[in-house]
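# Examination of the molecular architecture
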Amino acid sequence: MSTAKMQPTAAALSSTIKHLGCNFPFPNNHSIFRIHSNHLRCNGRRRNFSVMMSAVSSPLEVCVKASVTTPNRLGDCPFTQRVLLTLEEKHLPYDLKLVDLANKPEWFLKISPEGKVPILKLDEKWIADSDVITQSLEEKYPNPPLGTPPEKASVGSKIFSTFIGFLKSKDPSDGTEQALLNELTSFNNYIKENGPFINGKEISAADLSLGPKLYHLEISLGHYKKWSVPDSLPYVKSYMKTIFSKDSFIKTRALPEDVIAGWRPKVMS
Ligand SMILES: N[C@@H](CCC(=O)N[C@@H](CS)C(=O)NCC(=O)O)C(=O)O
C-alpha cells in the first residue's frame, strides 16, 4: 500500500489572501480550508473576495487501482479517474491508497467486499461505486456544483459499451465499428449544438465520467486496432482534446502502457 498526498497548504492559501492586501488570522495547523463565496471586511471596507469558512479536516482516503507497469503509481481504472477528477474539480484534498488488484490485500477486501475500486471513505464509512461516490461528494461538498441535469446525464453514455464491443471484436464486418461510429456521431452532433461540454459552458459530472472512458478508447483502439476517431467528427476530437488537457485530467490520468495492459485480457479473450 502506498500513499500519495495531494493538497494545497494552509500557508499557500494564507499567502494568497495576504496578497490581496489583508491579513486574516489563519490557523497554522495545516488544516485544509474550503473557499466559499462570503463577504468579509478588510481595511474597513467590505470586500467581495472569498475566504475559507469550513474546514476539511483531513484528506479523503480513496482506494485506487495500482499501476501494473510502474511501482507506486496510479493505475488504469476509468471509474477511479472519474472520482479523482471530481475531487480535483471540487478542490478536495485526498490520499491515494494503491491496491494491487491482481493480489488484493486482506485489509482491502475487508472494506471492499466486492474487491472493486474505487472506494472512498466519507464520514467514517467506505463507499463503493463511482456513481454513488460522486453523488455523495456532490451532496456533502456542493461547491463548485458539478451536477449534470438529469435530461443530459445520459449523453454519450453508450460510447463506452460500444467501444468495448469494437475492441473485443475479431470480425471486421460484425457491425461493432459502425455501432461505435453511430454513438460518436450522435455525440458529435450534440456537442456541436450544445457544447463545448455536455451541460454547455461548464464542465459537469457527465464529462468527468465520459472523459476517462474516451481516454481509454483513444489509447486502446489506437494500440490494438490502429483506429482513431475520424476527422469527420471534429467536435468529438476537440471535446477529447479539451478534457485531456485539463490540469485535473493530467494529474489523475493513467499511463498509456497501463491502459494497454489493462485491456489486453479483453482483446485476447
Ligand atoms: N461500477 C463500478 C465499477 C468499478 C470497477 O469495475 N472497477 C474495476 C477496476 S476499473 C475493479 O475494481 N475490478 C476488480 C478487479 O479487477 O478485480 C464503479 O463505477 O465504480
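Residues numbered from 1 in each chain as written. Predicted model: local features only at pLDDT ≥ 70, side-chain atom pairs only at ≥ 80, totals over all residues.

Across its full length, the chain carries ten helices and nine strands. Each of the 269 residues in the chain was classed as buried or not, and the buried ones make up 30%. Taking the intrachain contacts of the chain between residues at least 6 apart in sequence as the baseline, contacts between residues at least 24 apart amount to 67%. (Helix = DSSP H or I, 4+ residues; strand = E, 2+ residues; numbered from the N terminus. Buried ≥ 20, exposed ≤ 12 C-beta atoms within 10 Å, placed from the backbone. Contact = placed C-beta atoms within 7 Å.)

Let's shift gears to the site of the ligand. Surveying the vicinity of the ligand reveals the residues K65, C77, F79, L101, G115, K116, V117, P118, D129, S130 and D131. Across the shell around the ligand, the residue classes tally to five nonpolar, two polar and four charged. (Near = placed C-beta within 6 Å. Nonpolar A, V, L, I, M, F, W, Y, C, P; charged D, E, K, R; others polar.)

Relative to strand 9 (residues 125-128), strand 8 (residues 119-122) is paired through four bridges, and the arrangement is antiparallel. Within strand 9, the position partnered with L122 by the bridge is K125. The antiparallel hairpin formed by strand 8 and strand 9 contains two residues in its connecting segment, where D123 sits at a positive phi of about 50°. (Pairing = 2+ DSSP bridges.)

This part takes up the pairing of strand 6 (residues 60-65). Pairing of strand 6 with strand 7 (residues 94-99) involves six bridges; the strand directions are parallel. Residue pairing across strands places E61 opposite D95, the latter belonging to strand 7. As defined by bridge partners, strand 6 adjoins strand 8 across two bridges and the pair is classed as antiparallel. Note on strand 8: the bridge partner recorded for C63 is I119.

Turning next to the packing of helix 7 (residues 205-225) against helix 10 (residues 256-268). With their axes 9 Å apart at the nearest point, helix 7 and helix 10 run at an angle of 65° to one another. By the angle class used here, helix 7 and helix 10 are roughly perpendicular. At the point where helix 7 passes helix 10, the crossing takes the right-handed sense. Residues H216, I219, S220, H223 and Y224 of helix 7 lie in contact with helix 10, whose contacting residues are P256, V259, I260, W263 and V267. Tallied by class, the residues present in the contact of helix 7 with helix 10 amount to seven nonpolar, three polar and no charged. (Axes fitted to C-alpha atoms, helices over the stretch in contact; angles between N-to-C directions. Parallel < 35°, antiparallel > 145°, perpendicular 65-115°, else oblique. Left-handed = near helix turned anticlockwise from the far one by under 90°.)

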